[in-house]
Amino acid sequence: MTEIARVTRTSTAPASRFFERWCDLPSHPEWAPSMEYFVLDGPFALGATGRSRAVGGAETRFTVTRVGPGWSYADTTDLDSASLTVLHEAVDGEHGTTVTLTGLLDGDLAAVPGEALRVAFERDLESLIALLEVSPA
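Figured I'd write up the structure that's included with this text. As the structure is a computational prediction, the values presented were derived from the model and not from experiment.

Examining the overall build of the protein chain
Reasoning step 1: Each helix and strand counted, the protein chain has 3 helices and 7 strands in total.
Reasoning step 2: What you see for the protein chain is a C-alpha radius of gyration of 14 Å, in line with the 14 Å of a compact globule of 137 residues.
Reasoning step 3: A principal-axis box enclosing the C-alpha atoms of the protein chain has dimensions of 40 × 30 × 30 Å.
Reasoning step 4: Counting only residues that meet the buried cut, the protein chain has 43% of its 137 residues in that class.
Reasoning step 5: Put simply, the protein chain shows about 6,800 Å² of open surface, and 54% of that area lies on carbon and sulfur atoms.
Reasoning step 6: Across the protein chain, the 10 positively charged side chains and the 20 negatively charged ones have centroids separated by 2 Å.

Below, the structure written as structure tokens:
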């Protein structure tokens with residue numbers, strides 16, 4: 001796998017709240033302007049499958065490929081010539097929570113433009129931070 005995008009921010013919201021929102025896949029479009037929808041085929045769990053659509057993109061299939069350790073979550077999306085894993089990590093620290101989104105591509109590197117993914121990560125993460133920092137726990 002090749003890392004094609006990474007965005008890290010710091011937030012006053014606790015890591016557990018990021019994890020909670022990441023694992024609530026159908027709610028992603030509420031804070032992820034890059035996503036049109038996420039639909040799970042069944043209950044959320046490691047190995048769960050579903051379908052999603054990025055704004056302006058085609059519907060794709062995904063699998064939940066990581067839940068933990070700690071406040072981390074990943075999903076892997078099947079593309080025509082590659083698979084894209086998005087790793088979400090939040091770590092509580094002395095000066096706030098460090099939140100990182102990482103895009104890992106396995107297969108054809110031209111399948112997902114890294115710069116476009118980084119920009120989408122920035123928008124999505126900034127939107128989620130804003131939501132969690134103003135919303136009560």
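Some thoughts on the nonpolar core
What tends to happen in soluble globular proteins is that the nonpolar side chains get buried as a cluster.
Reasoning step 1: Ranked by size, the top nonpolar core spans 32 residues in total, and within it F18, W22, L25, Y73 and F121 carry the most contacts.
Reasoning step 2: Elements with a minimum of two residues in this core: β1 (2–11), α1 (15–23), β2 (35–40), β4 (59–67), β6 (82–93), β7 (96–107) and α3 (114–134).
Reasoning step 3: Considering each element in turn, this core owes the most residues, 6 residues, to α3.

A closer look at the pattern of salt bridges
Reasoning step 1: Summed over the entire model, instances satisfying the criterion amount to 9 salt bridges.
Reasoning step 2: With a shortest N-O distance of 2.5 Å, D41 and R61 are connected by a salt bridge. In this pair, D41 is assigned in the loop between β2 and β3 (49–54) and R61 in strand β4, connecting sequence segments 20 residues apart.
Reasoning step 3: Residue class for D41 comes out partly exposed when judged on its relative accessible area of 46%.
Reasoning step 4: Among the salt bridges present, the one from E59 reaches R51, with a minimum N-O distance of 3.3 Å.
Reasoning step 5: For E59, a relative accessible area of 38% corresponds to the partly exposed category.
Reasoning step 6: One salt-bridge network, held together by shared partners, links R9, E115, R118, E122 and E126.

Some points on the side chain of D75
Reasoning step 1: Along the chain, D75 falls in strand β5 (residues 71–78).
Reasoning step 2: It is R66 that comes nearest to the buried, bridge-free D75 among opposite-charge side chains, at 12 Å.
Reasoning step 3: Ignoring sequence-local partners within four residues, the contact set of D75 consists of F38, F62, T63, V64, T65, L84, T85, V86 and H88.

Quick look at the sheet that holds β2
Within a sheet, neighbouring strands are paired by backbone hydrogen bonds and run either parallel or antiparallel to one another.
Reasoning step 1: Taken in spatial order, the 7 strands make up an open sheet running β1-β7-β6-β5-β4-β3-β2, and their pairing is antiparallel. Since the sheet does not close on itself, it has two edges, and those belong to β1 and β2, each with one partner. Taking the axes of each pair of neighbouring strands and ignoring which way they run, one obtains an average angle of 20° across the sheet.
Reasoning step 2: In this structure, β2 lies alongside β3, joined through 5 bridges in antiparallel fashion. Bridge pairing in β3 places M35 opposite A54.
Reasoning step 3: Seen against the sheet, α1 touches β1, β4, β5, β6 and β7 and runs at an angle of roughly 25° to β5.
Reasoning step 4: In the packing of α3 onto the sheet, contacts are made with β1, β6 and β7, and the angle to β1 comes to roughly 25°.

Describing α1
Reasoning step 1: In terms of residue burial, α1 counts as a mostly covered element, since 7 of its 9 residues are buried.
Reasoning step 2: Within α1, the full set of buried residues consists of A15, R17, F18, F19, R21, W22 and C23.

Parameters and conventions
- Residues numbered from 1 in each chain as written.
- Predicted model: local features only at pLDDT ≥ 70, side-chain atom pairs only at ≥ 80, totals over all residues.
- Heavy atoms only, no water.
- Helix = DSSP H or I, 4+ residues; strand = E, 2+ residues; numbered from the N terminus.
- Rg over C-alpha atoms; globule rule 2.2 N^0.38 Å.
- Buried < 20%, exposed > 50% of the residue type's maximum accessible area, 1.4 Å probe, protein only.
- Areas by Shrake-Rupley, 256 points an atom, 1.4 Å probe, with all protein chains shown as cover.
- Lys, Arg positive; Asp, Glu negative; His and termini not counted.
- Charge placed at Lys NZ, Arg CZ, Asp CG, Glu CD.
- Core = buried A, V, L, I, M, F, W, Y, C linked by side-chain atoms within 4.5 Å.
- Salt bridge = Lys/Arg side-chain N within 4 Å of Asp/Glu carboxyl O.
- Contact = heavy atoms within 4.5 Å.
- Pairing = 2+ DSSP bridges.
- Axes fitted to C-alpha atoms, helices over the stretch in contact; angles between N-to-C directions.

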